[in-house]
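Each chain is listed here by its residues.
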Amino acid sequence: MDISSESNDPSEACSDGDVSVLGDEMSRVYIISEAHRKFLDTHGKDVWVWSRHSLLDTGRCPDNLRWRLHAVEGKPDTYYVINEGHEKNLNTNGMNVHVSAEWYSDCRCPNLHWRLYAVDGRPDTYYFLNEGQQMYLDTHGWRVNLWRGSSLWDLGGRPENLQWRLVPASHELGLVCSQLESLGM
């Protein structure tokens with residue numbers, strides 16, 4: 001996707017709308033890097049992407065790979081992203097992304113708010129924009145950080161590093177993996 005750095009219109013970069021895999025207020029999902037086919041993972045502090053040989057293998061600590069998305073009241077398409085294994089919220093104080101226990105439903109902390117923008121042509125795939133930093137969740141295959149181009153809608157030369165697929169954690173991973181492979185993921 002080629003996004004002009006002069007554009008101020010988010011509809012040119014991606015779709016804004018309902019997150020289709022989220023059927024209720026708090027949904028359990030795996031968050032998978034579109035570029036690297038790895039799970040968003042944490043062991044209680046730092047955040048990275050992880051996989052072994054296949055997305056079928058969730059390792060010995062699958063709860064570290066599962067996340068809940070809880071809608072931020074009054075903010076469309078904006079969520080708290082909570083790790084199931086540690087009950088900690090996806091957070092940032094700048095470039096680095098980590099999890100912290102700073103979660104509560106009436107929190108007005110913009111670093112805990114993640115706005116999801118649908119990626120055109122990719123079902124259940126989103127850009128995660130941190131509201132506090134106005135930067136995107138990004139990975140190059142290991143660490144997870146924030147990134148932003150020259151403008152909010154400049155997605156850079158490798159926008160797939162900013163794209164994250166949401167897979168309901170209630171789904172059978174074998175079926176989900178075969179669907180991902182049929183989409184070229």
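Each remark here, short or long, concerns the structure printed above.
Scoring rules and cut-offs
- Residues numbered from 1 in each chain as written.
- Predicted model: local features only at pLDDT ≥ 70, side-chain atom pairs only at ≥ 80, totals over all residues.
- Heavy atoms only, no water.
- Helix = DSSP H or I, 4+ residues; strand = E, 2+ residues; numbered from the N terminus.
- Buried < 20%, exposed > 50% of the residue type's maximum accessible area, 1.4 Å probe, protein only.
- Contact = heavy atoms within 4.5 Å.
- Areas by Shrake-Rupley, 256 points an atom, 1.4 Å probe, with all protein chains shown as cover.
- Salt bridge = Lys/Arg side-chain N within 4 Å of Asp/Glu carboxyl O.
- Polar contact = N/O pair within 3.5 Å; in protein donor to acceptor, adjacent residues only side chain to side chain.

What follows covers the overall build of the protein. In terms of helices and strands, the protein carries two helices and twelve strands. Counting from the amino terminus, the protein carries its helices and strands in the arrangement α-β-β-β-β-β-β-β-β-β-β-β-β-α. Counting the 185 residues in the protein, one finds 51% classified as buried. Taking the contacts inside the protein whose residues are at least 6 apart along the sequence as the reference set, 56% of them involve residues at least 24 apart. Just so you have it, the protein exposes about 8800 Å², and 45% of that area is on carbon and sulfur atoms.

Let us look at the pattern of salt bridges. All chains considered together, the criterion is met by eight salt bridges. Of the charged contacts, one joins Arg-28 and Glu-84 as a salt bridge, the two residues approaching to 2.8 Å between their closest N and O atoms. Placement of Arg-28 in strand S1 (residues 26-33) and of Glu-84 in the loop between strand S5 (78-83) and strand S6 (88-92) is noted, with a sequence separation of 56 residues between them. One salt bridge connects Lys-75 with Glu-131, and the closest N-O pair in it is separated by 2.9 Å. Here Lys-75 is found in the loop between strand S4 (66-71) and S5, whereas its partner Glu-131 is found in the loop between strand S9 (125-130) and strand S10 (135-139), with 56 residues between them in sequence. For Lys-75, a relative accessible area of 32% puts it in the partly exposed group. Residues joined by salt bridges that share partners form a network here, namely Arg-28, Asp-63, Arg-66 and Glu-84.

Another point: the environment of Pro-62. Residue placement: Pro-62 occurs in the loop between strand S3 (47-50) and S4. Residue Pro-62 is classed as partly exposed on the basis of its relative accessible area, which comes to 24%. Sequence spacing of Pro-62 and Glu-84 is 22 residues, and the spatial spacing of their C-alpha atoms is 9.2 Å.

Looking now at the side chain of His-113. Checked against the element boundaries, His-113 lands in the loop between strand S7 (97-100) and strand S8 (114-118). A relative accessible area of 2% places His-113 in the buried class. A polar contact of 3.3 Å, which involves the side chain of His-113, links it to the side chain of Lys-75.

By themselves, these are just geometric observations and shouldn't be taken as functional.
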